[in-house]
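Residue-level listing of the chains:
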Amino acid sequence: MAVAAAAVAAAADRVATKMADVIRVEQLQRVYHLGAVDVPALRGIDFAIPQGQMVAIMGPSGSGKSTLLNLLGCLDRPSGGKYLLAGEDVGLKTDDELAEVRNARIGFVFQNYNLLPQLTALENVELPLVYRGLSASNRRRKAEAALASVGLGDRKHHRPLELSGGQQQRVGVARALAGEPDVILADEPTGNLDSTSGQEVLRLFLDLHRAGSTIVIVTHDDEVALYTERTIHLRDGIVVSDGPIPSEQRRGLDERGAS
Amino acid sequence: MLRESLRMAWRSLVAGKLRAFLTMLGIIIGVGAVIALISIGQAATSSVTSQVQALGSNLITVTPIRSSGAVLYPQDAQWLKQVVPQISQDAPLLTGSVTALYGSKTYTTTVMGTTPPSLKIQGRTLAEGRYLVPSDITFRRRVAVIGQTVVQNLFPGQNPLGQTIEANGTPLVVVGVLKASGGAFGANQDDVILTPVTTAEEIVNTTQISAIIAEARSSSVAPLAVAQIEAVMNHRFQNQNAANVLSQDQILSTLSTITSTLTLMLGGIAGISLLVGGIGIMNIMLVTVTERTREIGLRKAIGAKRSAILLQFLVESSILSLIGGAIGALLGSGGASILSHALGWQSGVNGPAVILALVFSLAVGMVFGIWPAMRASRLDPIEALRQG
Ligand SMILES: Nc1ncnc2c1ncn2[C@@H]1O[C@H](COP(=O)(O)OP(=O)(O)OP(=O)(O)O)[C@@H](O)[C@H]1O
Ligand SMILES: [Mg+2]
């Protein structure tokens, strides 16, 4: 009886950690090999991101932000250390399994949107669901909902070139959302946008965060970081600071939204 | 997934219509040429075959070779029939060139002195009047049965029956007119004046005949008859090569060997252009993969597996070549029908050739698409996304 109870408790505990930490990295390393030269881009990173958190990753150019995000997004494999995504060790998976993980658990938002020009906004948003093997009607429904949630319900049949930069990035966000991923990863999502459209996109992320999404944003913009509840600073491939921005520096969305 | 790949491939092709068309052009020309040439070749074969068959069934032609010392005379036809039992009937042919006169018109043609069985042996039919009868031969009657070409040249718009023509000065009464039988390999079967062989001896001033035409009792004994005829001819003239003995079967098989070799050769040449078309597709697909590196990177980043990318590009190249093949098949069959129509052949389009060409063009698309598709599927998503 006691053994069984302990097993149940342990199982519940595992479930709890799974639920709690969407992302956990331990001593994560990534070394690029350039000919005979080894470039250590990440030199032992540790952190965990619980479900529902919104995190900014900052740091000077070349500090390893994109490298880290690629690893978190399962586009790349670590040279050392461990990466648990929703409790699963991603390092043990094959390429095709990683593709499935990216499809099911990750939503990517790119600096340059990366929309396919020959497809309409709706079709771009549907794309991840195509690779998930959903039926056409199912896909369409989810994609329409995602587009509506980024405020582009009336632009479904526009092609990317018929949309403004801010609108294109909102389509990009909708595409990341459509598959209901465990985590949304964005590498400088506002980097190509003017400040107004950048604000719009940022507000979108904040809305998603408030609705419960886990979000990791790489940014150079101090202002962006002010909206997130946690900022991880990288320098030369290691974490130099990790924590909330002091609250007096933070400005709530509501203030901004009102102004 | 295949349905999605088809859809995606279609979208990409529509996005670059002009390029897609230019890429297809090689396949269009290749498939079109293959189908047109094979169809035309086959139509030519069947047209030649039917013409040869129209010459008469189980026909055997015996031509003495003068240089071997072999000379035949009209009565040798009877001799041959007696010594070769496989022959059911035969007739001598004494041919020569004549200038025929009627009224103010002159026409140079061939006179053919023969006997009554030649009508059936040569597969001719009468349009009007009568053919030669045995008494014409016996009494050296000056009568003639003329072909349609002669009718047109000497009797335009007139009934020749009962009229008298002069052939090299010998008057001949037209007693019969032949139906048109068409030409076979350049020889016009209608350009002829048939007379009793005895009368022809006078007209062309010789008693040597140019050939004996014989009919075998059945097509199964025809080869035996040929061998027998060769044997008796060689024996009679004490020469291993006294006569050319050709059965219709031999002519047919020789002809069909020639025409099918020609058809194959033409088809092969056209096939090479199909190959070149395939290389064109490979070239464009490689360019496409390079140009769309970012697209491939993105698709992989959002969860496309290697097999999905492979399938997408393979389907794209296959669609390209299949559509090209279909257009080519259409143009090729169209061209073949127009040409066969113009030449008066039977409908020339070759069904199996069309299907084969379509299957082959699909295969070309797959074979030449596989390498670019593999390259696409192997791209590293991070590298691919960084480009452009
Ligand atoms: N494919 C690669 N091959 C070799 N070295 C690389 C590669 N990608 C990145 N690096 C190196 O790794 C280090 C970290 O690069 P990374 O792109 O992660 O920096 P970053 O923080 O995203 O910079 P930025 O803010 O400019 O985007 C840099 O020194 C970079 O030169
Ligand atoms: Mg970067």
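To keep things clear, this report deals only with the structure shown in the data block. (Residues numbered from 1 in each chain as written. Chains lettered and ligands numbered in written order. Predicted model: local features only at pLDDT ≥ 70, side-chain atom pairs only at ≥ 80, totals over all residues. Heavy atoms only, no water.)

**Concerning the pattern of salt bridges**
Stage number 1. This model, assessed by the stated rule, comprises 28 salt bridges over all chains.
Stage number 2. Ionic pairing is found between A:Arg155 and A:Asp154, a salt bridge with its closest N-O pair at 3.2 Å.
Stage number 3. Sharing partners across several salt bridges, the network here consists of A:Glu126, A:Arg139, A:Arg140, B:Glu4 and B:Arg7. (Salt bridge = Lys/Arg side-chain N within 4 Å of Asp/Glu carboxyl O.)

**Points about the interface of chain B and chain A**
Stage number 1. With 23 residues of chain B in contact, the opposing surface of chain A contributes 24 residues.
Stage number 2. A combined buried area of about 2200 Å² lies between chain B and chain A, and 55% of that area is made up of carbon and sulfur atoms.
Stage number 3. Counting every contact that joins chain B to chain A gives three salt bridges.
Stage number 4. The salt bridge partner of B:Glu4 is A:Arg139, with a shortest N-O separation of 2.9 Å.
Stage number 5. For the pair chain B and chain A, the number of links is 10 residue pairs in polar contact (both at pLDDT 80 or more).
Stage number 6. Secondary-structure elements contributing two or more residues to the side of chain B that touches chain A are helix H1 (2-15), helix H10 (293-301), helix H11 (306-343) and helix H13 (381-386) of chain B.
Stage number 7. Across the side of chain B that touches chain A, the residue classes break down as 11 nonpolar, three polar and nine charged. (Contact = heavy atoms within 4.5 Å. Buried area = accessible area lost by both parts, 1.4 Å probe. Polar contact = N/O pair within 3.5 Å; in protein donor to acceptor, adjacent residues only side chain to side chain. Helix = DSSP H or I, 4+ residues; strand = E, 2+ residues; numbered from the N terminus. Nonpolar A, V, L, I, M, F, W, Y, C, P; charged D, E, K, R; others polar.)

**A short note on the sheet that holds strand E8 (residues 214-218) of chain A**
Two strands in a sheet stick together by hydrogen bonds in their backbones, pointing the same way (parallel) or opposite ways (antiparallel).
All names here are of chain A.
Stage number 1. Within the open sheet, the six strands sit side by side as E6-E7-E8-E3-E9-E10. Their pairing is mixed. At either margin of the open sheet sits one strand with a lone partner, and together these are strand E6 (106-109) and strand E10 (238-243). Taken over all neighbouring pairs, the strand axes of this sheet differ in orientation by 20° on average, direction set aside.
Stage number 2. Across four bridges, the pairing between strand E3 (residues 54-58) and strand E9 (residues 230-235) is parallel. For methionine 58, the partnering residue across the bridge sits in E9 and is histidine 233. (Pairing = 2+ DSSP bridges. Axes fitted to C-alpha atoms, helices over the stretch in contact; angles between N-to-C directions.)

**Things to note about the site of ligand 1**
Residues and elements named next belong to chain A.
Stage number 1. Not every one of the 14 residues close to ligand 1 is listed here, only the nearest: Ser61, Gly62, Lys65, Ser66 and Thr67.
Stage number 2. At a separation of 3.3 Å, an oxygen atom of ligand 1 approaches a polar backbone atom of serine 63.
Stage number 3. Contact distances for ligand 1 include 2.5 Å between an oxygen atom and a side-chain N or O atom of threonine 67.
Stage number 4. Coverage of ligand 1 by the protein amounts to 69% of the 630 Å² it exposes when considered alone.
Stage number 5. Within the residue set of the shell around ligand 1, elements represented by two or more residues are strand E1 (21-34) and helix H2 (65-72).
Stage number 6. Looking at the shell around ligand 1, the element that brings in the most residues is H2, giving three residues.
Stage number 7. Looking at the shell around ligand 1 residue by residue, the class counts come to four nonpolar, seven polar and three charged. (Near = heavy atom within 4 Å. Areas by Shrake-Rupley, 256 points an atom, 1.4 Å probe, with all protein chains shown as cover.)

**Some points on the sheet that holds strand E2 (residues 37-50) of chain A**
Residues and elements named next belong to chain A.
Stage number 1. Taken together, four strands build an open sheet; the order of strands is E2-E1-E4-E5 and the sheet is antiparallel. Either end of the sheet is taken by a strand with one partner, and the two such strands are E2 and strand E5 (88-89).
Stage number 2. In this sheet, strand E4 (residues 80-85) lies alongside E1 in antiparallel orientation, the contact comprising five bridges. Along E4, the bridge assignment pairs isoleucine 23 with leucine 85.
Stage number 3. Across the sheet, H2 lies against E1, E2 and E4, angled at about 125° from E1, the strand it touches most.

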